[in-house]
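Given next are the chains, with one letter for each unit.
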Amino acid sequence: MSSFKATVVGIFMMMLAGIFMFPAQQAHAQSDISALFINVRKADAILLFLDDQRYLVDTGYKDSYDALESALTTYGVTHLDGVIITHTDKDHVGGLTKLLKSDITVDRLYASTLHSEKNIEDHPVYKASVKRKVPLTWLKAGDVIEVGNSSMHVLGPISRDDKNEDNNSLVIDVRTPEGNLLLTGDMKSEEEAELLLNQMVPQATVLKVAHHAEDDSTSRSFLAAVKPQWAIISTNSEDEPDTPADVVLTRLWDIKCGVAITQNASLGILVTLSGGNAEAHQIDYQ
């Protein structure tokens, strides 16, 4: 999909779904529970606001760290209760070293127990943990991170994929009193099918579309289980022209959920949750 086409699609979907647009000066969470999907180009970085706690899920590329840092600065984030890395691809873990070198304090790192690294010493999160002396917790399916009145439930990966690290992505159901968010990393069709087979796919208020909305996941069966109000796609069509894939957009349109794409907002997409409903806000710098 061309950049122009993606932009037109994004604008159309925002008009259709009623997405709100705010400059960065007004970029404040509209409730105590929200998530900022930061524009780090074709990469992932999600800032979770869970009452008074802040968690970051993925850190984008090393080269996109400036965008991540600007977003954290805009929101006044000087401390993170945790940083969760879904898997070891560079567009998810690449900004971690710079983050840990910054003035932002990080209480704890999290990573998947199942990964494709041959030796633990080669795992980028383990190396960062040792070098920067930040505690590391390994996560597996069934684990729960308690965050005040909210909780993060690890659904997958259920089994290790030695050949494709995408299928070792942590899949996390963030459950809050106001609704839930399903975060899927770069999960591809194999991991998705395994979760469906084991009846591990929950209904979700908000879905972070897997693998930058490439056509190798987000099946109709998966969406029938999730039934999201909003689907957020983190990508940049100049970096990855086949994202978002037309087939994925069509599936999302068919279930009549709102769709927002990070590349259409200079800072990112802010999703707020309240009373089981979600609103999406396009956040732009001024």
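Quick notes on the rules
Residues numbered from 1 in each chain as written. Predicted model: local features only at pLDDT ≥ 70, side-chain atom pairs only at ≥ 80, totals over all residues. Heavy atoms only, no water. Helix = DSSP H or I, 4+ residues; strand = E, 2+ residues; numbered from the N terminus. Buried < 20%, exposed > 50% of the residue type's maximum accessible area, 1.4 Å probe, protein only. Contact = heavy atoms within 4.5 Å. Areas by Shrake-Rupley, 256 points an atom, 1.4 Å probe, with all protein chains shown as cover. Core = buried A, V, L, I, M, F, W, Y, C linked by side-chain atoms within 4.5 Å. Polar contact = N/O pair within 3.5 Å; in protein donor to acceptor, adjacent residues only side chain to side chain. pLDDT = per-residue confidence, 0-100. Pairing = 2+ DSSP bridges. Axes fitted to C-alpha atoms, helices over the stretch in contact; angles between N-to-C directions. Patch = residues over 30% accessible without salt bridge, like charges linked within 9 Å, V, L, I, M, F, W, Y side chains within 5 Å. Salt bridge = Lys/Arg side-chain N within 4 Å of Asp/Glu carboxyl O. Lys, Arg positive; Asp, Glu negative; His and termini not counted. Charge placed at Lys NZ, Arg CZ, Asp CG, Glu CD. Arc of directions from axis to C-beta.

Visitor: Before we go on, may I ask you to explain the overall build of the chain in this structure?
Guide: Counting its secondary structure elements, the chain contains 8 helices and 18 strands. Across the 286 residues of the chain, 57% fall into the buried class. Considering only intrachain contacts with a sequence separation of at least 6, the fraction spanning at least 24 residues in the chain is 67%. A total accessible area of about 11800 Å² is found for the chain, and carbon and sulfur atoms account for 48% of it.

Visitor: Explain the nonpolar core to me, please; I cannot follow it from the model alone.
Guide: When a protein is soluble and globular, its nonpolar side chains tend to lie buried together. Grouped together as the largest cluster of nonpolar side chains are 32 residues, with contacts concentrated most on Leu36, Leu47, Leu80, Val83, Leu96, Leu99 and Leu109. Counting residues per element, the ones that place at least two in this core are strand 2 (33-38), strand 3 (46-50), helix 2 (65-74), strand 6 (82-85), helix 4 (96-101), strand 8 (109-112) and helix 5 (124-132). Of the residues forming this core, the biggest block, 4 residues, is contributed by helix 2. Among residues more than four places away in sequence, those in contact with leucine 47 are Ser34, Ala35, Leu36, Ile38, Arg54, Tyr55, Leu56, Leu72, Val77 and Leu80. Ranked by size, the runner-up nonpolar core spans 30 residues in total, among them Leu48, Leu50, Ile145 and Ile269.

Visitor: Is there a simple way to think about the environment of lysine 42 in this case?
Guide: Position of lysine 42 among the secondary structure elements: in the loop between strand 2 and strand 3. A relative accessible area of 11% places lysine 42 in the buried class. A sequence separation of 191 residues divides lysine 42 from isoleucine 233, and the C-alpha atoms of the two residues are 9.8 Å apart. Excluding its chain neighbours within four sequence positions, the residues that come into contact with lysine 42 are Tyr61, Asp91, His212, Thr235, Asn236, Asp239 and Glu240. Polar contacts involving the side chain of lysine 42 include one to the side chain of aspartate 91, which spans 2.9 Å.

Visitor: Is there a simple way to think about the confidence of the model for the chain in this case?
Guide: The predicted coordinates of low-pLDDT regions are not to be read in fine detail. In the predicted model, the chain carries a mean pLDDT of 92, and 89% of its residues have values of at least 70. Element-level mean pLDDT values for the chain span from 48 in helix 1 (residues 3-17) up to 99 in strand 6. When the criterion is pLDDT under 50, residues 25-30 qualifies, and its contacts beyond four places in sequence or with other chains add up to 11 contacts.

Visitor: How should I be thinking about the sheet that holds strand 14 (residues 206-208) in this particular structure?
Guide: Whenever strands of a sheet pair, they do so through backbone hydrogen bonds, lying parallel or antiparallel. Sheet architecture is open: 7 strands sit in the order 10-11-12-13-14-15-16, paired in mixed fashion. Whereas interior strands pair on both sides, the edge strands pair on one side only; in this sheet they are strand 10 (144-147) and strand 16 (258-261). The mean inter-strand angle of the sheet, taken between neighbouring strand axes irrespective of direction, is 15°. Examined bridge by bridge, strand 14 and strand 15 (residues 230-233) share 3 bridges and lie parallel to one another.

Visitor: Sorry if this is basic, but what is going on with a positive patch on the surface here?
Guide: On the surface, Lys62, Lys98, Lys101, Lys131 and Arg132 cluster together into a positively charged patch. Listed by contribution, the elements that provide at least two residues to the positive patch are helix 4 and helix 5. For lysine 98, the position within the fold is in helix 4. Residue lysine 98 is classed as partly exposed on the basis of its relative accessible area, which comes to 34%.

Visitor: How should helix 6 (residues 189-197) be read in this particular structure?
Guide: Think of an α-helix as turning once every 3.6 residues; residues three or four places apart then point the same way. Within helix 6, the full set of buried residues consists of Glu191, Glu192 and Leu195. Projected down its long axis, helix 6 carries its buried residues within an arc of 100°, all on one side. Turning to helix 6, the residues buried within the fold contact strand 11 (150-156), strand 12 (171-176) and helix 7 (220-226). Where helix 6 ends, the next residue or the one after it, glutamine 199, has phi of about 55°, a positive value.

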